[in-house]
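Observations on the three-dimensional arrangement
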Amino acid sequence: QQQVKQSPQSLIVQKGGISIINCAYENTAFDYFPWYQQFPGKGPALLIAIRPDVSEKKEGRFTISFNKSAKQFSLHIMDSQPGDSATYFCAARTSGSRLTFGEGTQLTVNP
Amino acid sequence: EAQVTQNPRYLITVTGKKLTVTCSQNMNHEYMSWYRQDPGLGLRQIYYSMNVEVTDKGDVPEGYKVSRKEKRNFPLILESPSPNQTSLYFCASGPLGPPWYNEQFFGPGTRLTVL
C-alpha cells in the first residue's frame, strides 16, 4: 500500500509555464516532507523540503505548499525551463530517517 | 568528494546465481538504505541501517539480505535472484538526529537484470 500518493504520473509544460505536482499522505506521524529530483541515469537528489508546521517554503523558482489539515502538499515550479525536465519524487519521513516515496512524476518542459 | 558509490553499475545474471551489490559512503553517515525503483511504483525501501550491526526491514525485503559490519559499507545480497528482482537499485546514506531535516544522498544506481 502506497502511503504517499503522487500525481500526475507525467506532465508536459511549455517553457515559462508553471509545473504543479501534488502529493497526499495518510500517516499523521510523518514529520518532514522532501522533494527529490532525478535526472536520467542519476540518483535522486534533494531539491527542497518542508516541515509540517510551515505552510509554504520557497527556494528560487521552486515552492512547496503544505496543507496539514488536508494531508496534502505540492511542488510548484515557476518559469519552468527545459533543464527542469526530470522525474520528481515527493517523500515523507517517518521514524528515524525512513523516507516513504511517492510514485514519481516525469516532467517534460518543451522549449 | 563526498559521495555514495555502488558497484557494479550494470549487471545481467541468471535465476538463482547469488550476487552482491556493494555500496560505500565517505561522509561518515550513520544511516544507510537500499531502494528499488520500478516504473509507476516510485522508490521502495528494501532494508535500512541506523548504524553498524543495526539493520531492519523496509517495505519490500523479501529475497534480499544486507549486512553492516563497517560504517561506510552496506552491501545488498541476493542469494537466489529471480526475474521479479529485475530493477534499478539505489543505495543512500544520511546523517541521523537533529537538525529537523536530514538529507539522504543517493548513489548512481545499479541496473540489475535477472534472466
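See the structure printed just above.
A brief look at the structure comes next. Remember, it's a predicted structure, so these values are computed and weren't measured experimentally.

We now examine the packing of aromatic side chains. Using the criterion set out here, one finds 18 aromatic pairs over all chains in the structure. Three or more aromatic residues joined by ring pairs make a cluster, and in this case those are Y25(A), F30(A), F33(A), W35(A), F66(A) and F73(A).

On to unusual backbone geometry. One can expect most non-glycine residues to show negative phi and most peptide bonds to be in trans. Of note, the amide linkage connecting S7(A) to P8(A) takes the cis form, showing an omega dihedral of -5°. When you line up the elements, P8(A) lands in the loop between β1 (4-7) and β2 (10-14). Backbone geometry at D79(A) places phi at a positive 45°, although glycine is not the residue there. Summarising the element assignment, D79(A) is placed in the loop between β8 (72-77) and β9 (86-93). A relative accessible area of 41% means that D79(A) is categorised as partly exposed. Although it is not a glycine, E53(B) adopts a positive phi angle of roughly 65°.

This brings us to the state of the cysteines. Per the counting criterion, the structure on display carries 2 disulfides over all chains. The side chain of C23(A) participates in a disulfide bridge whose partner is C90(A); the two sulfur atoms lie 1.9 Å from each other. Negative torsions about the S-S bond denote left-handed disulfides, and the value of about -95° found for C23(A) with C90(A) makes this one left-handed. Linking C23(A) in strand β3 (residues 19-25) with C90(A) in strand β9, this pair joins segments that are 67 residues apart in sequence. Judged by its relative accessible area of 2%, C23(A) is buried. Paired by a disulfide, C23(B) and C91(B) hold their sulfur atoms 1.8 Å apart. Between C23(B) and C91(B), the disulfide has an S-S torsion of -70° and is therefore left-handed. Separated by 68 residues along the polypeptide, C23(B) in strand β3 (residues 19-25) and C91(B) in strand β9 (residues 87-94) bring together distant segments of the chain. In this pair, the class of C23(B) matches that of C91(B), namely buried.

Cut-off values and rules
- Residues numbered from 1 in each chain as written.
- Chains lettered and ligands numbered in written order.
- Predicted model: local features only at pLDDT ≥ 70, side-chain atom pairs only at ≥ 80, totals over all residues.
- Heavy atoms only, no water.
- Phe/Tyr/Trp six-rings, centres within 6.5 Å; stacked < 30°, edge-to-face > 60°.
- Helix = DSSP H or I, 4+ residues; strand = E, 2+ residues; numbered from the N terminus.
- Buried < 20%, exposed > 50% of the residue type's maximum accessible area, 1.4 Å probe, protein only.
- Disulfide = S-S within 2.5 Å.

Keep in mind these numbers describe shape, not what the thing actually does.
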